[in-house]
Amino acid sequence: MPKNKCIRVGYGTVAPIHERKMRECNVETVAIVEVDEQKRLQAQLEGFTVFSSCQEAAKLNPTFWDICVSTNQHLNVIQSIVDLASQANIFIEKPICLFSEIPALRRTLLNFEGKITVNENYASSTIKNLMQTIAFNELQIHPEKIIVEFTKNRELDFARGRFIDQELGALGYEGSHMLTLVSEMLEDYVPGRILENKFSDLIFKSSEQLLENQGSAYVRYKSLSQVEIELYTSLAGTIKYKPPLFCIEDIRYDDLNSKYRFIAVYGRDCHNDKYCVGGFFEPINSFKRCQGAVYVTLNNKVERIIAPIKDDTMLQHFQQTLNYFQGVAENPYSVEKSIKIVEILHSFANEMRSSKSLHLV
Ligand SMILES: NC(=O)c1ccc[n+]([C@@H]2O[C@H](COP(=O)([O-])OP(=O)(O)OC[C@H]3O[C@@H](n4cnc5c(N)ncnc54)[C@H](O)[C@@H]3O)[C@@H](O)[C@H]2O)c1
């Protein structure tokens, strides 16, 4: 089969991960587009053909464009590509755009005849798929509550100059992954009523410097169909949910490898038996990379453990994306779904700010 050819726009942190996984999918990167001269040089040294604008690169006529630029440049790059090739295939990193840019994005895509899909990679997770099969096909539970936690210690990342999301605070890093998972588990995942919404500051262990609203975020809400959702993320490594299996201790600031990514769906079956179907995404300490686990409890007793399970969400999502571009699969994560995620995260952050200012009065 002829190789898919991609042009990657942006050569920052996430770009090499895309390169590695795309190669596994038999994709050839025919060019890199970068605005930063140093990064262009680096890409050239690594063997890529480089350009400083999409316009120059477009003559290579790629199978698809792979957009890895900073989020505040997503709309700008989409606009350039749509102007150059109205039938292009576009793969773009999450989040699709900034909240304030949603109307302009919709206008840009109004007459677009190509395909565009978003790298919400957890939508293609095997762990998530298996949990859905067990909870909703096998056990046929009626969901009552969903919990998601994505925790990491980002203190050193921030100290080294990693981008700080002022708009969404602590929700700006893993928030869209967590909501994507909930959106996959529950059709009616959109918040009806927010019950709790707390952000905390991040205080650096080393210097006591403080980053406002970057420590953790906790949101508890009810969907319109009354399912309770809890989302929690800590950037200070503080673990909140400690189920019986695969749980880890709080992550220290000098531990750059550990991540804790957990989801649980609670509900009852037609006999009123209480089930919990839980999932741990990679990395898990005792497993290899890209291996996760699923477990089931019945009336609070562990009934089943399925582990390790191979789950390379990025690779699987790329494969789904290529199938979509070839016309043999559905869009793995549409622009409209992605816009909804941006809107919900924005409303959480707004609510948090207004409740904070109320407390200050
Ligand atoms: N799916 C995931 O798990 C995941 C993980 C990390 C990052 N991301 C997303 O990936 C995107 C990039 O993140 P990153 O950490 O690699 O950012 P980064 O800042 O490290 O890299 C972005 C690069 O884009 C370049 N750039 C900016 N504007 C450009 C333009 N108009 N044309 C060409 N190049 C341009 C910058 O010079 C920079 O080199 C963000 O939207 C982020 O949210 C997703």
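Everything here concerns the structure above.
In this report, we go over the structure that sits alongside the text. (Residues numbered from 1 in each chain as written. Predicted model: local features only at pLDDT ≥ 70, side-chain atom pairs only at ≥ 80, totals over all residues. Heavy atoms only, no water.)

Looking now at the pairing of strand β1 (residues 4-9). Side-chain positions along a regular strand alternate between the two faces of the sheet. By the criterion of burial, β1 is predominantly enclosed, with five of the six residues buried. The pairing of β1 with strand β2 (residues 27-33) spans six bridges and is parallel. Bridge pairing in β2 links Arg-8 to Ile-32. In this fold, the crossover linking β1 to β2 by way of helix α1 (residues 15-24) has right-handed handedness. (Buried < 20%, exposed > 50% of the residue type's maximum accessible area, 1.4 Å probe, protein only. Helix = DSSP H or I, 4+ residues; strand = E, 2+ residues; numbered from the N terminus. Pairing = 2+ DSSP bridges. Right-handed = clockwise from strand over helix to strand, strands pointing away.)

On to the packing of helix α4 (residues 74-84) against helix α5 (residues 102-109), then. Between α4 and α5, whose axes approach to 10 Å, the crossing angle comes to 10°. With respect to each other, α4 and α5 are oriented roughly parallel. Every pair of crossing elements has a handedness; the one defined by α4 and α5 is left-handed. Taking contact as the criterion, the partners of Leu-75, Ile-78, Gln-79 and Val-82 in α4 are, on α5, Ala-104, Leu-105, Thr-108 and Leu-109. In the contact of α4 with α5, the residues fall into six nonpolar, two polar and no charged. (Axes fitted to C-alpha atoms, helices over the stretch in contact; angles between N-to-C directions. Parallel < 35°, antiparallel > 145°, perpendicular 65-115°, else oblique. Left-handed = near helix turned anticlockwise from the far one by under 90°. Contact = heavy atoms within 4.5 Å. Nonpolar A, V, L, I, M, F, W, Y, C, P; charged D, E, K, R; others polar.)

All right, on to the sheet that holds β1 then. Strand order in this open sheet of six strands is β3-β2-β1-β4-β5-β6, and the pairing throughout is parallel. Both outer strands of the open sheet, β3 (50-51) and β6 (115-119), are each paired with one neighbouring strand and no more. Here five bridges tie strand β5 (residues 89-93) to β6, and the two strands are oriented parallel to one another. By the bridge assignment for β6, Phe-91 is matched with Thr-117. In this fold α1 packs onto β1, β2, β4 (64-67), β5 and β6, with an angle of close to 175° to the strand it touches most, β1.

This paragraph deals with the state of the cysteines. All told, the structure shown has zero disulfides when counted by the stated rule. Here Cys-6 is not disulfide-linked; the sulfur of Cys-68 is the nearest cysteine sulfur, at 8.2 Å. Cys-270 takes part in no disulfide bond, and the closest cysteine sulfur to it belongs to Cys-276, at a distance of 18 Å. With a relative accessible area of 72%, Cys-270 lands in the exposed category. (Disulfide = S-S within 2.5 Å.)

The next thing to look at is the environment of Pro-283. Note on placement: Pro-283 falls in the loop between β12 (274-280) and β13 (291-298). Pro-283 gets classed as buried once you look at its relative accessible area, which sits at 15%. With 88 residues separating them along the chain, Pro-283 and Leu-195 place their C-alpha atoms 31 Å apart. If we ignore the near neighbours within four places in the chain, the residues touching Pro-283 are Asn-257, Lys-259, Arg-261 and Arg-289.

This part covers the site of the ligand. Close to the ligand lie 24 residues; Thr-13, Val-14, Glu-34, Thr-71 and Glu-93 are nearest. In this structure, Thr-13 approaches the ligand through a side-chain N or O atom, which is 2.9 Å from an oxygen atom. A total of 850 Å² of accessible area belongs to the ligand in isolation, and the protein chains cover 79% of it. In terms of residue class, the shell around the ligand is made up of nine nonpolar, 10 polar and five charged. (Near = heavy atom within 4 Å. Polar contact = N/O pair within 3.5 Å; in protein donor to acceptor, adjacent residues only side chain to side chain. Areas by Shrake-Rupley, 256 points an atom, 1.4 Å probe, with all protein chains shown as cover.)

A separate point is the pairing of β13. Counting buried positions along β13 gives seven out of eight residues, so the element sits mostly inside the fold. Looking at chain direction, β12 and β13 are connected through six bridges and run antiparallel. Residue Val-277 lies in a different strand from β13, and its bridge partner there is Val-296. Summarising the sheet, β13 and strand β14 (residues 301-310) pair through seven bridges and their orientation is antiparallel.

In the structure shown here, the tally under the stated rule is one cavity of 30 Å³ or more. Taken as a whole, the largest cavity encloses approximately 60 Å³ of empty space. Lining the largest cavity are Phe-246, Ile-248, Lys-259, Tyr-260, Arg-261, Phe-280, Phe-281, Pro-283, Ile-284 and Asn-285. No other element matches strand β11 (residues 259-268), which puts three residues into the lining of the largest cavity. Looking at the lining of the largest cavity residue by residue, the classes come out as seven nonpolar, one polar and two charged. (1 Å grid on protein atoms, 1.4 Å probe; cavity = no way out; pocket = protein on both sides within 12 Å on 5 of 7 lines; lining within 4 Å. Points joined across faces, edges and corners; volume = space filled by probe spheres on them.)

Attention shifts here to the packing of helix α6 (residues 126-138) against helix α8 (residues 171-185). Each pair of packed helices can be described by the angle between their axes along with the distance between the axes. Two elements in contact, α6 and α8, have axes whose closest approach is 10 Å; the angle formed by their N-to-C orientations is 35°. Helix-helix and strand crossings are classified by hand; for α6 and α8 the assignment is right-handed. Only Leu-181, Glu-184 and Met-185 of α8 make contact with α6, whose side of the interface consists of Lys-128, Met-131, Gln-132 and Phe-136. Within the contact of α6 with α8, the residues separate by chemical class into four nonpolar, one polar and two charged.

Now for the side chain of Ser-258. Inspection of the secondary structure assignment puts Ser-258 in the loop between β10 (228-234) and β11. Within the structure, the side chain of Ser-258 is placed 2.6 Å from the side chain of Asp-255, a separation counted as a polar contact. Apart from residues lying up to four places away in sequence, Ser-258 is in contact with Lys-152, Ile-248, Ile-251 and Asn-285.

Here the structure, examined in full by the defined rule, presents 19 salt bridges. Across the pair Arg-8 and Glu-19 runs a salt bridge, and its minimum N-O distance is 2.8 Å. Of this pair, Arg-8 sits in strand β1 while Glu-19 sits in helix α1, and the two are 11 residues apart along the sequence. Per residue, the accessibility class of Arg-8 equals that of Glu-19, and both read buried. Note on Glu-19: relative accessible area 10%, which makes it buried. When salt bridges with common partners are traced through the structure, they connect Arg-8, Glu-19, Arg-23 and Asp-66 into a single cluster. (Salt bridge = Lys/Arg side-chain N within 4 Å of Asp/Glu carboxyl O.)

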